[in-house]
Structure formats: C-alpha cells, structure tokens
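Structural features, examined
Listed below, chain by chain, are the residues.
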There are 2 protein chains.
Amino acid sequence: MNVVVVLVEPQELVNVAHAVRAMKNFGLRDLRLVAPAEYDAYRVEGIAHQTRDILGRVRQFETLDEAVADCTHVVGFTARGRRAKRITQRPRDAAAEILALAAEDDQLVALLFGREDKGLTNEQLDRCHRMVTIPSDEDYPSLNLSHAVVVMAYELALAAGANSRPVKAARRVADPAAREELERLFVDAERALRTIDFFKTRNVEHVMRTVRDLAHRVPLDEREAKLLRAISIEVVKYGDRLAHSRIHVDRK
Amino acid sequence: MNVVVVLVEPQELVNVAHAVRAMKNFGLRDLRLVAPAEYDAYRVEGIAHQTRDILGRVRQFETLDEAVADCTHVVGFTARGRRAKRITQRPRDAAAEILALAAEDDQLVALLFGREDKGLTNEQLDRCHRMVTIPSDEDYPSLNLSHAVVVMAYELALAAGANSRPVKAARRVADPAAREELERLFVDAERALRTIDFFKTRNVEHVMRTVRDLAHRVPLDEREAKLLRAISIEVVKYGDRLAHSRIHVDRK
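Residues numbered from 1 in each chain as written. Chains lettered and ligands numbered in written order. Predicted model: local features only at pLDDT ≥ 70, side-chain atom pairs only at ≥ 80, totals over all residues. Heavy atoms only, no water.

Quick notes on the overall build of chain A
Within chain A one finds ten helices and seven strands. For chain A, whose C-alpha radius of gyration is 31 Å, the value lies well above the compact-globule estimate of 18 Å for 252 residues. Seen through its principal axes, chain A has C-alpha atoms that stretch 100 × 40 × 40 Å. Among the 252 residues that make up chain A, the fraction classed as buried is 45%. Of the roughly 13200 Å² of accessible surface on chain A, 50% is carried by carbon and sulfur atoms. Distance between charge centres in chain A, computed from 40 positive and 39 negative side chains, equals 8 Å. (Helix = DSSP H or I, 4+ residues; strand = E, 2+ residues; numbered from the N terminus. Rg over C-alpha atoms; globule rule 2.2 N^0.38 Å. Buried < 20%, exposed > 50% of the residue type's maximum accessible area, 1.4 Å probe, protein only. Areas by Shrake-Rupley, 256 points an atom, 1.4 Å probe, with all protein chains shown as cover. Lys, Arg positive; Asp, Glu negative; His and termini not counted. Charge placed at Lys NZ, Arg CZ, Asp CG, Glu CD.)

Structure representation (structure tokens):
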C-alpha cells in the first residue's frame, strides 16, 4: 500500500512509539517525521516492541515540504473546521479514496498528523488535497495523536477487507448440530423433565417451546447437543434408580 | 447510552487516562476499574484534561464479578481466538448490537478490556456474552489498551450516527457558482488566453475543455469564479494597455 504516515513536529517520543504500534497493528509500514522534538529508534522500540521493520524505514525531514515532496495525495487530519472550502472527509470515505489511489503504482498518499498541542496549522493544511475530521464530540473533539492514527489505520485496514478475514476465534471445535440430533435432545429433555415432575404444574408444550427456542438461539453445536442429551438421559436413569430403590425400601 | 467501559486490572495510570480521553472524545461517560494497579483522579486529569465529568463518576471494584454484576450484556475484547465457540464479532457488528441494546432502559452493556500485558484471561472471557476481535495484523494483533478503547468508542459513535453529522469544516463562505457565472468566466478566460497569444500553437477547443474540466472538478464557488474572471479581465486590460503604449512608442 503506497501510504506513508507523516507526523509533523511530534513533541513526545512516546506518542511516536504509540503511532508506530498502531501502524504495525494495521499493516502500515512507512513513517516520516518532520522536525520531531525527540526521536530515538532504540527508545521507541522499548515502548513499541517488535517494530524494527518500521523503525528501520523511518525517514526524518526538516520541513513538511520536503517530507511530502514525492506524495501525490496529501490528507491532513484536523479536529477544527478552519479551511472552509477545502474538501473535508470522514475517515471512512477518506479510506475508500486513499485505498483506491494507493493501489496505483504512481501514487503515494501521505497521512498528515499535526503537533499534539495544536494540530496542523493553516499553512500545513494548505499542503493537503483533503482534510479529514474524525467525528468526535463537538465539545471535546481533539484526539490523542496516536488515537487519530489508529482510527485511520483501522479504517484503511477495513477498507482493504480486514473485516472479511475470518475471525480467528470463529473456528468451531465441533460441527453444528444436525436437526435429528436436536430432536433427539428435545425428546430426552422432555423425558428428563417428566422424571422430575416438572410438568406437574406447568404446560409441557410451553416449556418445550422455550427449550427449543434456547437451543436454536445459541445455536448448539453437535458436541453440546450430545452433552445436554446425555445429561437428560442421566436424569431419567437417576430417576429410575431412585424409583427402584424406593420400591426396594418400600418392600423392606 | 447505557454503556460502561470496564478496565480490568489496568497496570498504568497513563493508559487509564488515555482511555478516559478516548471515552470523552466519543461520548462515553461511565468508567469502571477492576483492581487498578494505580489510580488517582487528579493525576488522570493532569493527562486527560477537562474530563472531570467522567472522573467524578468512575467506580472501582475489587473483582470483575462485582464490576459487571448489574450488566446485562458483557462484551470482552481479545486479540486471541481462545474460546472457540463463543460468538466473536468485529467492532462494527458489535457496535450495531450494543447500540440497539443500550437504547433499552433495562439494559446495561459492559465493554471489557483486559490488562495491558496479557489481555482478558479465559476466566474473564467466561463472563462475556460476546467477544470482539479488532481486525488487526495477524502477526502483530495486540493493540495498546487505549487504542482498543478508541476503536470501539469510535465505532459506537458512528453507529449512533456521528458520520451523518455535518463536518464542521464543510461550511462554505460563498455560494456555489451558478452556471452563467461560470460561462462568463470561460468567455473572459478565453479572451485572456487570446491576449497572450496562447492559441498561436494550441487548439482553442482542447484548451478550453481542459479549463472547463478543472472548474467543474474543483468545483468553483461564486467568489472563486469571480476572482478568476477578474484575473482574466485584467490580463485583457493589461494587453490593451501594452498594445496602446506600443502604438504610442511606434508613433514616436
């Protein structure tokens, strides 16, 4: 992706480090620093571990103009609506445009973030093709520097299809329960409920419909259905044993 | 919005502060802390300025169970896919569900974030109705604590319609240029180009089509169209003056 993150005059090294971590989290690789107040790759890596690949490519510039000289599309982030006529985008729309541009070999997109204390100045915004304003609280609009980076990096990852990647955790350890397995469960569950006299004062149909609803809403997988069915069966067996021992006791 | 942010055993006060700032940026108001390693509202406000409204409502608990006892929908954030069968969502889908739930009076949604160094444990995830995994780089999935908070808070703000709020910067200082204003501009621009002999070696039609394309693509507002037209007219006048003085000189 032909996208570079440009931090203009970052004042604190820890913010650079957090921006680097956010970049690494979402697959951005190129960082440019314009006149950073402090920068030391070693200390940055002490905060943002395992980011040597990004840190090895960091480029420093004395002026913003030098930093974006080779960029074809410059996007400036600002919480304030200062330049009334510039095209201002929301991060989501900006992400779609940036991704389309960055896919072209001859394009290089710069994401420009200003100083922690004052953001991008009007002169710096004058270098931008687009302005992006993250839709934050009107009375408290200014985001932490690395927070702004992470929101945009996240939107770019989404635009690139990250959401369509399967969630790792979605792996199932068992197959979904087939209809017949569920029906067997309901039969045995009803038997178990009869065993404990659950229907003495309750309507079978209503109760069993609730049980079905629960099983479908979860929805149960094969292993879970089998487990619940086994429990039901054991309840029935327990009832049988108890009844048998009672008869035995009664006979004594 | 009936949503509380729950930080489980946060180890560093600065992370709590950054989470508070992110909450304030996106309209979340309630923070609960479970056994924080360090917490001091005064110091937090020193990092996250003007957040006294949130800090005044912070609640601390000794255990996670106490912290979420009154919550009806608990969402745990995890980078790892540990609990294979739990429903795992992406932030965007989670935001839609959370917002729908949080609109109900009798619902209280908890957003659960684990320790900086290890995230939520399996035992903590056992308390969750849902797990959310932010779609980050597979080889570097673990987000900074406040970065995870900001991504979710941002998605909740979007789900609540923040993107449909007009961008502040979109205010125009002038009306859009009407068709006739643009046509007058093109007439005068063509005259100006004739004045400087621009069409001597160039095709009038091709050049003027490019000028039109530019004006439409911008698109020009009324004030800009008037300004460009004034420049064109002044070029023509300058040419006239120059021609006149030449004639004068020639006559001498």
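Things to note about the sheet that holds strand E7 (residues 130-132) of chain B
Residue and element names in this part refer to chain B. Ordered by their spatial adjacency, seven strands build an open sheet running E3-E2-E1-E6-E4-E7-E5, and the pairing between neighbours is parallel. Two strands bound the open sheet, and with one partner strand each, they are strand E3 (59-61) and strand E5 (88-89). Across three bridges, the pairing between strand E2 (residues 30-34) and E3 is parallel. Paired with Leu33 across the strands is Gln60, a residue of E3. Contacts from helix H1 (residues 13-25) reach strand E1 (3-8) and E2 within the one sheet, and its direction differs from that of E2 by about 160°. Helix H7 (residues 145-159) rests against E1, strand E4 (73-77) and strand E6 (109-113) of the sheet, and its axis sits at about 150° to E6. (Pairing = 2+ DSSP bridges. Contact = heavy atoms within 4.5 Å. Axes fitted to C-alpha atoms, helices over the stretch in contact; angles between N-to-C directions.)

Examining H1 of chain B
For H1 of chain B, spanning 13 residues, the distance from its first C-alpha to its last is 18 Å, which sits close to the expected 18 Å at 1.5 Å a residue. With twelve of 13 residues buried, H1 of chain B is to be regarded as a mostly interior element. Turning to H1 of chain B, its buried residues are Leu13, Asn15, Val16, Ala17, His18, Ala19, Val20, Arg21, Ala22, Met23, Lys24 and Asn25 of chain B. On its buried side, H1 of chain B packs onto helix H7 (145-159) of chain A together with E1, E2, helix H2 (41-47), helix H3 (52-55) and H7 of chain B. Downstream of H1 of chain B by a residue or two, Gly27 of chain B has a phi angle that is positive, lying close to 80°. (Expected span 1.5 Å × (residues − 1).)

Topic: the layout of surface pockets
Approximately 790 Å³ is the volume found for the largest pocket. Those elements that place two or more of their residues in the lining of the largest pocket are helix H1 (13-25) and H7 of chain A together with H1 and H2 of chain B. For the lining of the largest pocket, the per-class residue count stands at 15 nonpolar, 14 polar and eight charged. Within this model, the second largest pocket holds a volume of roughly 670 Å³. Partitioned by chemical class, the residues of the lining of the second largest pocket number 13 nonpolar, nine polar and eight charged. (1 Å grid on protein atoms, 1.4 Å probe; cavity = no way out; pocket = protein on both sides within 12 Å on 5 of 7 lines; lining within 4 Å. Points joined across faces, edges and corners; volume = space filled by probe spheres on them. Nonpolar A, V, L, I, M, F, W, Y, C, P; charged D, E, K, R; others polar.)

Looking at the packing of aromatic side chains
Residues and elements named next belong to chain A. Counting across every chain of the model gives six aromatic pairs over all chains. Between Phe77 and Phe113, the ring centres sit 4.3 Å apart and the planes meet at 15°, which makes this aromatic pair stacked. Pair noted here: Phe77 is in strand E4 (residues 73-77) and Phe113 is in strand E6 (residues 109-113), with a separation of 36 residues, a long-range link. In this structure, Phe77 and Phe113 share a single accessibility class: buried. Between the aromatic rings of Phe198 and Phe199, the centroid separation amounts to 6.2 Å while the plane-to-plane angle is 80°, which identifies the pairing as edge-to-face. (Phe/Tyr/Trp six-rings, centres within 6.5 Å; stacked < 30°, edge-to-face > 60°.)

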